[in-house]
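Listed below, chain by chain, are the residues.
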Amino acid sequence: MYEVFADMHIHIGRSETNKPIKITAAKSLNFANIAKECVDRKGINIAGIIDCASPYVIEDIENFLMTGEAYEIEDGGIIYKDKVCIILGSEIETSEVNENGKTGSAHNLCYFPKLEDIKGFSNEMRNHIKNITLSSQRANISAYELIDIVKKYNGILVPAHAFTPHKSFYGNCTTRLERIFKEKYKDILAIELGLSSDTNLADRISELENKTFLTNSDAHSLPKIAREYNKMLMDNVSFKEFVKVLKREDGRKVISNYGLDPKLGKYHRTYCEVCDKQIPGNAPVTKCDTCDSKNITMGVYDRIEVIKDKDQSVSPAYRPEYIYQIPLAFIPGVGGKTIEKLINTFETEMNILHKLSYDDIESVVGEKVAINIINARDGKMRIIEGGGGIYGKVE
């Protein structure tokens, strides 16, 4: 077995024929470009592309396989240039009723082993989604119903960015996942933490003690790929091995989660929509300290304080280390040209963030930038908290 880097939540903005897939994602995000970015610049070994149920994307995948640069494998996944395994996925929005009887919505990451599986899933979801060509569309079913359809096509379901205030289970649908999935909760192998959360926060909810945590980028542009990622121990890169990692089976596992400090996430603290400002104070903040309004976007940190059932975060023994990782694009002084220069010299962002010495970096970009990169790696940068859809800042 060997270590691999994995980012399992990457969006497609447009198809190869310029058809819209994810409206808020960059046009340059298509299936082929994502594969190339993972190999040529990021150093990602296994990538989950989660807009593959769109018929336009399915057509792109079929054409991509015909180039001879990529091929499907028996254990599931598409191998590109023998360097990256692409797992075919779909992000589906479900309708959920919360404890107060109000309807909320949550995003679900659905992963499948083969192209024929996601084709079948796409055809069936036409019955539940008005526009199957677009990403993250609202289905007229609940996640409790969705998981059966996913399993029918040999897939697995992972709750996406589980704590964010919009489009997530804990954020606006429920205080407990088991209430949503009932007897099927055992089939939920993992949850995605999201950019505004981390292991320490999530492990304040006891029902998550046996669930694997994933840290993924939710990339809406090529540079955002691998802003959060996982280091996994696998025998090979494939769908079958990915599932074993989530089950922590036969020695497979997540070795470490690399993610933003939650303070950098754009929904970390509560935000007043009336005053257009982040609300200071000890969590949980549930109303504005200025206008007394409850027209707020509750932050992840504040929401977890409301729904937690453990006073202190105690992680199970198997839980890997969560390593705060500041991507190059967040580091002061590291702009597009600097990143280009670094990658041209050192090949991938993974090399720069994990392997290079100060002297290596300084020789290419100078003392000031090198110090910032090393300080970011060592957790020595000051962070201003994010909230209300605005990312935190590194100083």
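Structural data are supplied above this passage.
Observations concerning empty space enclosed by the protein
All told, the structure shown has one cavity of 30 Å³ or more when counted by the stated rule. Estimated volume of the largest cavity: approximately 80 Å³. Around the largest cavity, the lining is made up of 16 residues, and of these Ala53, Ser90, Ile132, Leu134 and Ser135 lie nearest the centre. Split into classes, the residues belonging to the lining of the largest cavity amount to eight nonpolar, six polar and two charged.

Section: the nonpolar core
Grouped together as the largest cluster of nonpolar side chains are 100 residues, with contacts concentrated most on Phe31, Phe121, Met125, Phe163, Phe181 and Leu208. If sequence neighbours within four positions are ignored, Phe31 has contacts with Ile12, Ile49, Cys52, Val57, Ile61, Phe64, Ile78, Ile86 and Leu88. Val4, Ile50, Leu109 and Leu246 belong to the second-largest nonpolar core, a separate cluster that totals 26 residues.

Overview of the packing of aromatic side chains
With the rule as written, the count across this model stands at 11 aromatic pairs. The interplanar angle of 70° and the centroid separation of 6.5 Å between the aromatic rings of Phe5 and Tyr258 together place this pair among those described as edge-to-face. Residue Phe5 is located in strand E1 (residues 2–10), and its partner Tyr258 is located in strand E11 (residues 253–259); the two are separated by 253 residues in the primary sequence. Per residue, the accessibility class of Phe5 equals that of Tyr258, and both read buried. Their ring planes at 55° and their centres at 5.6 Å tell us that Phe169 and Phe181 sit as a pair that is tilted. Taken together, the positions of Phe169 in helix H5 (residues 169–172) and Phe181 in helix H6 (residues 177–181) put the pair 12 residues apart, joining distant regions of the chain. Given a relative accessible area of 0%, Phe181 falls into the buried group. Aromatic ring contacts, followed pair by pair, group Phe5, Tyr229 and Tyr258 into a single cluster. The cationic tip of Lys211 hangs over the ring face of Tyr185; the distance from NZ or CZ to the ring centre is 4.0 Å.

Observations concerning the pattern of salt bridges
In total, this model carries 20 salt bridges according to the counting rule given. Residue Glu62 is joined to Lys119 by a salt bridge in which the shortest nitrogen-to-oxygen separation is 2.5 Å. Of this pair, Glu62 sits in helix H2 (residues 55–66) while Lys119 sits in helix H3 (residues 115–125); the two residues are 57 residues apart in sequence, bridging distant segments of the chain. For Lys119, a relative accessible area of 32% puts it in the partly exposed group. Between Glu305 and Arg204 there is a salt bridge, with the nearest N and O atoms lying 2.9 Å from each other. Residue Glu305 is found in helix H9 (residues 300–307), and its partner Arg204 is found in the loop between helix H7 (199–202) and strand E9 (212–214); the two are separated by 101 residues along the sequence. For Glu305, a relative accessible area of 17% gives the class buried. Among the ionic contacts, a cluster of salt bridges with common partners joins Glu37, Arg41 and Glu340.

Brief notes about helix H8 (residues 239–247)
With seven of nine residues buried, H8 is to be regarded as a mostly interior element. Backbone geometry just after H8 places Arg248 at a positive phi near 55°.

Let's talk about unusual backbone geometry
A positive phi angle is found at Asp82, which is not glycine, with a value near 55°. By secondary structure assignment, the location of Asp82 is in the loop between strand E4 (78–80) and strand E5 (84–97). Among the residues examined, Asp82 registers a relative accessible area of 59% and is labelled exposed. Phi is positive for Asn154, close to 65°, though the residue is something other than glycine. Within the secondary structure layout, Asn154 lies in the loop between helix H4 (143–152) and strand E7 (156–159). Since its relative accessible area comes to 47%, Asn154 is described here as partly exposed.

Re the sheet that holds strand E14 (residues 296–297)
With antiparallel pairing, three strands are arranged side by side in an open sheet as E13-E12-E14. Two strands close off the open sheet at either side, each with one partner strand: strand E13 (277–278) and E14. Relative to E13, strand E12 (residues 271–272) is paired through two bridges, and the arrangement is antiparallel. The residue of E13 that forms the bridge with Tyr271 is Gln278.

Focus on the pairing of E11
Across the seven residues of E11, five count as buried, placing the element largely inside the fold. Note that strand E10 (residues 229–234) and E11 share five bridges and pair antiparallel. When the bridges of E11 are listed, Asn230 appears paired with Asn257.

Some details on the side chain of Lys22
Relative to the helices and strands, Lys22 resides in the loop between E1 and helix H1 (31–42). Comment: no salt bridge for buried Lys22; closest opposite-charge side chain is Glu91, at 4.1 Å. Aside from chain neighbours lying at most four places away, what touches Lys22 is His11, Ile12, Gly13, Asp51, Glu91, Ser135, Ser136 and His220.

Calculation rules
Residues numbered from 1 in each chain as written. Predicted model: local features only at pLDDT ≥ 70, side-chain atom pairs only at ≥ 80, totals over all residues. Heavy atoms only, no water. 1 Å grid on protein atoms, 1.4 Å probe; cavity = no way out; pocket = protein on both sides within 12 Å on 5 of 7 lines; lining within 4 Å. Points joined across faces, edges and corners; volume = space filled by probe spheres on them. Nonpolar A, V, L, I, M, F, W, Y, C, P; charged D, E, K, R; others polar. Core = buried A, V, L, I, M, F, W, Y, C linked by side-chain atoms within 4.5 Å. Buried < 20%, exposed > 50% of the residue type's maximum accessible area, 1.4 Å probe, protein only. Contact = heavy atoms within 4.5 Å. Phe/Tyr/Trp six-rings, centres within 6.5 Å; stacked < 30°, edge-to-face > 60°. Helix = DSSP H or I, 4+ residues; strand = E, 2+ residues; numbered from the N terminus. Lys NZ or Arg CZ within 6 Å of the ring centre and 35° of its normal. Salt bridge = Lys/Arg side-chain N within 4 Å of Asp/Glu carboxyl O. Pairing = 2+ DSSP bridges. Lys, Arg positive; Asp, Glu negative; His and termini not counted.

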